[in-house]
Amino acid sequence: MLEQLLIFTRGGLILWTCKELGNALKGSPIDTLIRSCLLEERSGAASYNYDAAGASYTLKWTFHNELGLVFVAVYQRILHLLYVDDLLAMVKREFSEIYDPKRTVYNDFDETFRQLRREAEVRADEFKKSKQMVKPVNNSKKQGQLQKAGFDKGNKKSEGGLAADEDDGDKVKGRKFENGYSNGKHIEIEEPRMTGVVNGKENSSSNISAFDVSKLQKRTKVGKKTDTVVNKGSKVDPKKKVEKKKRVWDDAPTETKLDYTDPVDGNGIENIEVVAADQGESKMDIEEIISSDSEDEDDNNVVNDSQPEAKKKGWFSSMFQSIAGKASLEKADLEPALKALKDRLMTKNVAEEIAEKLCESVAASLEGKKLASFTRISSTVQAAMEEALVRILTPRRSIDILRDVHAAKEQRKPYVVVFVGVNGVGKSTNLAKVAYWLLQHNVSVMMAACDTFRSGAVEQLRTHARRLQIPIFEKGYEKDPAIVAKEAIQEATRNGSDVVLVDTAGRMQDNEPLMRALSKLIYLNNPDLVLFVGEALVGNDAVDQLSKFNQKLVDLSSSPTPRMIDGILLTKFDTIDDKVGAALSMVYISGAPVMFVGCGQSYTDLKKLNVKSIVKTLLK
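Bear in mind the structure is a predicted one, so any value in this text is a computation, not a measurement.

Engineer: Is there a simple way to explain the side chain of Ser-361 in this structure?
Structural biologist: By secondary structure assignment, the location of Ser-361 is in helix H11 (residues 352–366). Residue class for Ser-361 comes out buried when judged on its relative accessible area of 0%. Setting aside anything within four residues of it in sequence, one finds Ser-361 in contact with Glu-41, Arg-42, Ser-43 and Gly-44.

Engineer: Sorry, what's going on with the environment of Ala-542 here?
Structural biologist: Within the secondary structure layout, Ala-542 lies in helix H18 (residues 541–555). C-alpha of Ala-542 to C-alpha of Val-587: the two residues are 45 residues apart in sequence and 9.8 Å apart in space.

Engineer: Is there a simple way to think about the environment of Glu-111 in this case?
Structural biologist: Relative to the assigned elements, Glu-111 resides in helix H3 (residues 109–132). We classify Glu-111 as partly exposed; its relative accessible area is 36%. Of the polar contacts made by the side chain of Glu-111, one reaches the side chain of Arg-114; its length is 2.5 Å.

Engineer: It is not clear to me how helix H13 (residues 401–410) should be interpreted in this structure. Could you clarify?
Structural biologist: For an α-helix, 3.6 residues make a turn, and residues three or four places apart therefore share a direction. The set of residues buried in H13 consists of Ile-401, Leu-402, Val-405 and Ala-408. Looking straight down H13, one finds its buried side chains confined to an arc of 120 degrees; they lie on one side. Set apart from the buried face of H13 by more than 90 degrees, the exposed residues are Arg-403 and Glu-410. The elements touched by buried residues of H13 are strand S8 (415–420), helix H14 (427–440), strand S11 (499–503), strand S12 (529–535) and strand S14 (594–598). If you check the start of H13, you find a side-chain oxygen 3.3 Å away from the backbone N of Leu-402, and it comes from Asp-400. Note on H13: the residue one or two positions beyond its end, Arg-412, has a positive phi of about 60 degrees.

Engineer: Hey, could you run me through the UniProt feature "domain: SRP54-type proteins GTP-binding" (unreviewed entry) in the protein chain in this one?
Structural biologist: Mapped onto this numbering, the UniProt entry gives "domain: SRP54-type proteins GTP-binding" (unreviewed entry) at residues 593–606. In this annotation, residues 593–606 is assigned 0% helix and 43% strand; the end-to-end C-alpha distance for the span is 16 Å.

Engineer: Help me understand the packing of H14 against helix H15 (residues 457–468), please; the structure alone is not making it clear to me.
Structural biologist: How two helices pack is summed up by the angle between their axes together with the distance between the axes. Viewed as axis vectors pointing N to C, H14 and H15 meet at an angle of 20 degrees, and their least axial separation amounts to 10 Å. Relative to H15, the element H14 is oriented roughly parallel. Remark: the crossing between H14 and H15 carries right-handed chirality. Packed against H14, whose contacting residues are Ser-428, Thr-429, Leu-431, Ala-432, Ala-435, Tyr-436 and Leu-439, the element H15 presents Gln-460, Leu-461, His-464 and Leu-468 at the interface. A breakdown of the residues in the contact of H14 with H15 according to their chemical character gives seven nonpolar, four polar and no charged.

Engineer: Would you take a moment to explain the sheet that holds strand S2 (residues 14–17) for this structure?
Structural biologist: Two pairing modes exist for strands in a sheet, parallel and antiparallel, and in both the strands are linked by backbone hydrogen bonds. With antiparallel pairing, five strands are arranged side by side in an open sheet as S2-S1-S5-S4-S3. Edge positions in the sheet fall to S2 and strand S3 (48–52), since each of these pairs with one other strand and no more. Strand-to-strand twist of the sheet, defined as the mean angle between neighbouring strand axes without regard to direction, takes the value 25 degrees. Examined bridge by bridge, strand S1 (residues 2–9) and strand S5 (residues 69–76) share seven bridges and lie antiparallel to one another. Across the sheet, the residue bridging to Leu-2 is Tyr-75, located in S5. Sitting on the sheet, H3 is in contact with S1 and S2, with an inclination near 130 degrees to S1.

Engineer: Looking at this model, I keep getting lost on the sheet that holds strand S9 (residues 445–449). Mind explaining?
Structural biologist: Ordered in space as S10-S9-S11-S8-S12-S13-S14-S15, the eight strands form an open sheet in which the pairing is mixed. Each edge of the sheet is formed by a strand with only one pairing partner; in this case those strands are strand S10 (472–473) and strand S15 (606–607). Across the sheet, H13 lies against S8, S11, S12 and S14, angled at about 135 degrees from S8, the strand it touches most. Of the strands in this sheet, S8, S9, S11, S12, strand S13 (567–571), S14 and S15 touch H14, which is tilted by about 170 degrees from S11.

Engineer: What's the story with the packing of aromatic side chains in this structure? I'm lost.
Structural biologist: Two aromatic rings, taken as a pair, are described by how far apart their centres are and by the angle between their planes. Throughout the structure, instances matching the rule amount to ten aromatic pairs. Summarising the aromatic geometry, the rings of Phe-95 and Tyr-99 are spaced 6.3 Å apart at their centres and angled 35 degrees between planes, so their arrangement reads as tilted. We classify Phe-95 as buried; its relative accessible area is 0%. Judged by relative accessible area, Tyr-99 falls into the buried class, the value being 18%. Three or more aromatic residues joined by ring pairs make a cluster, and in this case those are Trp-16, Phe-71, Phe-95, Tyr-99, Tyr-106, Phe-109 and Phe-113. The cationic tip of Arg-10 hangs over the ring face of Phe-63; the distance from NZ or CZ to the ring centre is 4.7 Å.

Engineer: What's the story with a nonpolar patch on the surface in this structure? I'm lost.
Structural biologist: On the surface, a cluster of nonpolar side chains totalling about 320 Å² of accessible area is made up of Met-1, Ile-78 and Leu-79. Summarising the element assignment, Met-1 is placed in the segment before S1.

Engineer: Please explain the packing of helix H10 (residues 331–347) against H11 as it appears in this structure.
Structural biologist: Between H10 and H11, the shortest axis-to-axis distance is 9 Å and the interhelical angle comes to 150 degrees. In terms of orientation, H10 lies roughly antiparallel with respect to H11. Seen along the crossing, H10 lies across H11 with a hand that is right-handed. On H11, the residues that touch Leu-334, Leu-338, Lys-342, Leu-345 and Met-346 of H10 are Glu-352, Ala-355, Glu-356, Leu-358, Cys-359, Val-362, Ala-363 and Leu-366. Tallied by class, residues from the contact of H10 with H11 come to ten nonpolar, no polar and three charged.

Engineer: Can you help me understand the side chain of Asn-525 in this one?
Structural biologist: Relative to the assigned elements, Asn-525 resides in helix H17 (residues 512–525). By relative accessible area, which is 13% here, Asn-525 ends up buried. From its side chain, Asn-525 meets the backbone nitrogen of Lys-486 in a polar contact 3.1 Å long. Side-chain polar atoms of Asn-525 contact the backbone oxygen of Leu-521, separated by 2.8 Å. Setting aside residues up to four positions removed in sequence, Asn-525 forms contacts with Ala-482, Ala-485, Lys-486 and Ile-489.

Cut-off values and rules
- Residues numbered from 1 in each chain as written.
- Predicted model: local features only at pLDDT ≥ 70, side-chain atom pairs only at ≥ 80, totals over all residues.
- Heavy atoms only, no water.
- Helix = DSSP H or I, 4+ residues; strand = E, 2+ residues; numbered from the N terminus.
- Buried < 20%, exposed > 50% of the residue type's maximum accessible area, 1.4 Å probe, protein only.
- Contact = heavy atoms within 4.5 Å.
- Polar contact = N/O pair within 3.5 Å; in protein donor to acceptor, adjacent residues only side chain to side chain.
- Arc of directions from axis to C-beta.
- UniProt positions renumbered as here; feature names shortened; annotations may be inferred.
- Axes fitted to C-alpha atoms, helices over the stretch in contact; angles between N-to-C directions.
- Parallel < 35°, antiparallel > 145°, perpendicular 65-115°, else oblique.
- Left-handed = near helix turned anticlockwise from the far one by under 90°.
- Nonpolar A, V, L, I, M, F, W, Y, C, P; charged D, E, K, R; others polar.
- Pairing = 2+ DSSP bridges.
- Phe/Tyr/Trp six-rings, centres within 6.5 Å; stacked < 30°, edge-to-face > 60°.
- Lys NZ or Arg CZ within 6 Å of the ring centre and 35° of its normal.
- Patch = residues over 30% accessible without salt bridge, like charges linked within 9 Å, V, L, I, M, F, W, Y side chains within 5 Å.
- Areas by Shrake-Rupley, 256 points an atom, 1.4 Å probe, with all protein chains shown as cover.
- Salt bridge = Lys/Arg side-chain N within 4 Å of Asp/Glu carboxyl O.

This is the structure we're talking about:
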């Protein structure tokens, strides 16, 4: 049964709801749809599932882009209502005829909706009856073929099993037929079926498991012989030691030995130089200036290559169309420009899945819109994509850490930041950069060495702490990181430290024991900020890393309201040139903003993400 159907504008003004249904929805599925799907450029999806306490809903929607209207239907997920797509299309058609921008009440649409609903339900019932009347596939011929292939009486039982499987397959096929009924089209998905005969031979378990051991032994013997021949030929006389002589130039100055290790006195104590005051201002506080010159590229060649039919129209008809404007944009008109944009995004290191979803969302927002005069489809699509990218990358909440630090200081508790991520992305180095930036703003910082797994991790953090002259809390190796972090926070509270930066061990997203330990650390200490540190070099792997990190934190958490990733720190941004797509992929898949960007090896090489610069680079 349909739970709710409502019509509202893109600005959020509700124009009409079905009073007959009047069911009180549990939770807030409509708000969640707008916040998590429509505003996140995921409107190209076919449906959205919402889980609430005691109910699970499926939401479907459609747009009228010319009028700026959104039509949303809500129904129980357990019910596979076939008529929802047809109903939305009919409601969209009828309501657009009576829509007036100055009008806000449409009580006269109730009777129209009742008629449309009855018509859609009748169509769905007829479709079900026609599906039930379809005769089942006759398997007698197939069984005869199987018997001719050499099946004896003992295998007739397996034939019956195959026939039953085929019947079950038809049932599954019917169910997928119902689920695939979308946007007025019937999508029939066929399941692969198991057959009893492969290439005219009986497919029995004995034939599958059998294999010739003697052939394998022969192959291994041949491999050993070749190995011995190679080893004999590659013998080197140990007496002759070959050394490469250095070339000496006549006018070259005397060579000095390069040694950048820390000086050590006679007692073996490291004399580490304090460099906190010598590094200069952090790039976080320097505004990046972008030239205002627009570098719009001409996409005519790309679009024309992928649209050969356009050449048949001739230059006069295309010029006339650009002057007069197109009545309304259709999906076929948008496909060439969207394909070119998708390829461009993927060359910039955007994950393929993300690029495809973005293009689907842009197509959904442009389909049915009227093309203005003297405007090309490619420029219209690019402008829509630019708006979508800016909307995705712009943070929807405050990322001012300094303000949050002062708010925590007023409550007399330290502000806790936990750095998480996979191995080798630069968590410890960028933790030191963040510490240096906080020191520049007169914030007292303490480090917590909770990477008790990797060899040398504590010593690395200790070196940064000595150079920056800030305290470090450490308990050595093979300790529980959650307990070490808790004791570090207690120590910071006693000492009056404003911020605690917690360094954790690198872990792959599939390593469940380490992910469980991380989930325990976050649950036990409840940090103010969970920062995911990721490389700007990754492409499709960014989606896998972030989605699985978030999923593991939810699945392995003991809390009813589990914590997820709050922000992203992108490292090695100075090594990627224009391949900036990882930033877009990470923000899109997690919904968390990019709060820091690492762009070098020194403590000052930390800056904010410039959204306009990233969007300009992605579309260049």
